[in-house]
Amino acid sequence: MKLEKQAILNALKTISVPGEGEDMVTSGAVTNVVTFGDEVIVDITIKNPSLQAKKKAEVEIMKAIHAEVHMKAQVKVNIKVDAPEKAPKNEIKGKPIPGIQNIIAVASGKGGVGKSTITANLAVSLQKMGFKVGILDADIYGPSIPIMFDVQDEKPLSVKVDGKQKMKPVESYGIKILSIGFFTKPDQAVVWRGPMASKALNQMIFDAAWGALDFLLVDLPPGTGDIHLSIVQAMPLTGAVVVSTPQKVALADAKKGVAMFQQDSINVPVLGIVENMAWFTPEELPENKYYIFGKEGASNLAEDLGVRLLAQIPLVQSIREGGDVGHPAALQKDTILAEAFETMTRNSVEELVKRNDSLPPTEAVKITTMAGCAAVKK
Ligand SMILES: Nc1ncnc2c1ncn2[C@@H]1O[C@H](COP(=O)(O)OP(=O)(O)OP(=O)(O)O)[C@@H](O)[C@H]1O
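Residues numbered from 1 in each chain as written. Predicted model: local features only at pLDDT ≥ 70, side-chain atom pairs only at ≥ 80, totals over all residues.

### Topic: the UniProt feature "domain: MIP18 family-like" (unreviewed entry) in the protein chain
Here's step 1: UniProt marks residues 5-76 with the feature "domain: MIP18 family-like" (unreviewed entry), using the numbering shown here.
Here's step 2: Between the C-alpha atoms that bound residues 5-76 the distance is 14 Å, and the span itself is 36% helix and 25% strand. (UniProt positions renumbered as here; feature names shortened; annotations may be inferred. Helix = DSSP H or I, 4+ residues; strand = E, 2+ residues; numbered from the N terminus.)

Okay, structure coming up:
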């Protein structure tokens, strides 16, 4: 019996390397075929280094030659592995959290600029777009997320997951919520120190039954002190959104906020700045804009710092009312406000996608779905 090289190649054209699509001759995986009497030697290079993949490739080749060329052919397969180079290590600090794809901090240099309001409405818009969302309210000075979602009287239950006792986040409008406020009495002044706050927050992240989340938003305490550094360093943050109002005193602090994330020991990408209370608009006269805190201060700051202005959100009575009664304004349907929050959210996701593309993908930085996010063409 004399085996023909072309007959062997034709047989190998009927199969592909497991997991590699094209047939193994066209794809270039087969690098050499030598025949000698009833013997044939096939050299092949595959990308998957696992033993199982090697074995499977070998068996497939033998089967194809026996079926298509000769039942009694003596087949020898030499397999070389050419695995793609390992991606460089991700810069994200801390352990990735199983099931949580992106953790975004919402920060402000100064108190009262609307950081929690922006967090709440960002969460609602993301949820409306089809993402699975959680909020971790880390504002140790004044946790307001429970009020903004009307769950201030609830307490997280304890559940067993894989034999371990875990905290079950409270749910409102489909958003999972844990707040430092659930563990302190409203009238009790708690003085947190950095390590204490980090420990409590770590428990709320790692010992909680969050389940699968596309986004976990972290509402940080206002400011840029030591305690913020401890909190920020304790979490594997994907990115940060900085909120500011347009007036000079707020902008100076927002600048410090951006700088905090950009310093070497933190190194968390800033997705952009949200200008809150950009102008005042009476709801019945939406065309009227009164620049009571100055005009475009945060837009100019964003430009100076080379970060994106994610949105300008007006000062509108119903935003405050929505916050007070636990019904975030972004829940409104087809209003200018809901639209403004949607734009803010789309821009934030767009920046996040860019950021995830420019850093090696890890479980901590991957997005699982772009459902509903029309602006993001991915
Ligand atoms: N765009 C807006 N229009 C109207 N009211 C707003 C707007 N943004 C925030 N507010 C209101 O301003 C108040 C402070 O907002 P919020 O609690 O979100 O600020 P914060 O920056 O999180 O404050 P803190 O310093 O306590 O963390 C709230 O009553 C909120 O409803």
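### Regarding the site of the ligand
Here's step 1: Residues in contact with the ligand amount to 20 residues; listed here are only the nearest, Gly111, Gly114, Ser116, Thr117 and Gly323.
Here's step 2: Only α3 (115-128), β12 (270-280), β13 (309-315) and α9 (317-325) provide two or more residues apiece to the shell around the ligand.
Here's step 3: Across the shell around the ligand, the residue classes tally to seven nonpolar, 10 polar and three charged. (Near = placed C-beta within 6 Å. Nonpolar A, V, L, I, M, F, W, Y, C, P; charged D, E, K, R; others polar.)

### As for helix α1 (residues 5-12)
Here's step 1: By the burial criterion, the buried members of α1 are Ile8, Ala11 and Leu12. The arc that holds the buried residues of α1, viewed along the axis, is 95°, so those residues lie on one side.
Here's step 2: Residues of α1 that are buried make contact with β1 (30-36), β2 (39-46) and α2 (51-68). (Buried ≥ 20, exposed ≤ 12 C-beta atoms within 10 Å, placed from the backbone. Arc of directions from axis to C-beta. Contact = placed C-beta atoms within 7 Å.)

### Some points on the sheet that holds strand β8 (residues 170-172)
Here's step 1: In space, the eight strands of this open sheet follow the order β8-β9-β5-β10-β4-β11-β12-β13, with mixed pairing throughout. On the outer flanks of this sheet lie β8 and β13, each paired with one strand and no other. Mean inter-strand twist for the sheet, computed between neighbouring axes without regard to direction, equals 25°.
Here's step 2: Here strand β11 (residues 239-244) pairs with β12 via five bridges, running parallel. Paired with Val243 across the strands is Val274, a residue of β12.
Here's step 3: Against the sheet, helix α7 (residues 248-262) contacts β4 (100-107), β11 and β12, and its axis sits at roughly 170° relative to β11. (Pairing = 2+ DSSP bridges. Axes fitted to C-alpha atoms, helices over the stretch in contact; angles between N-to-C directions.)

### Here we look at the environment of Pro236
Here's step 1: Relative to the assigned elements, Pro236 resides in the loop between α6 (226-233) and β11.
Here's step 2: Sequence separation between Pro236 and Val268 is 32 residues; the distance between their C-alpha atoms is 9.1 Å.

### Observations regarding the UniProt feature "binding site: ATP" (unreviewed entry) in the protein chain
Here's step 1: In the UniProt entry, the feature "binding site: ATP" (unreviewed entry) is given for Gly109, Lys110, Gly111, Gly112, Val113, Gly114, Lys115 and Ser116.
Here's step 2: Relative to the assigned elements, Lys115 resides in helix α3.
Here's step 3: You can call Lys115 buried: it has 27 C-beta atoms within 10 Å.
Here's step 4: Those residues within four positions of Lys115 in sequence are excluded, and the remaining contacts are Val106, Ala107, Ser108, Asp219, Pro222 and Val243.

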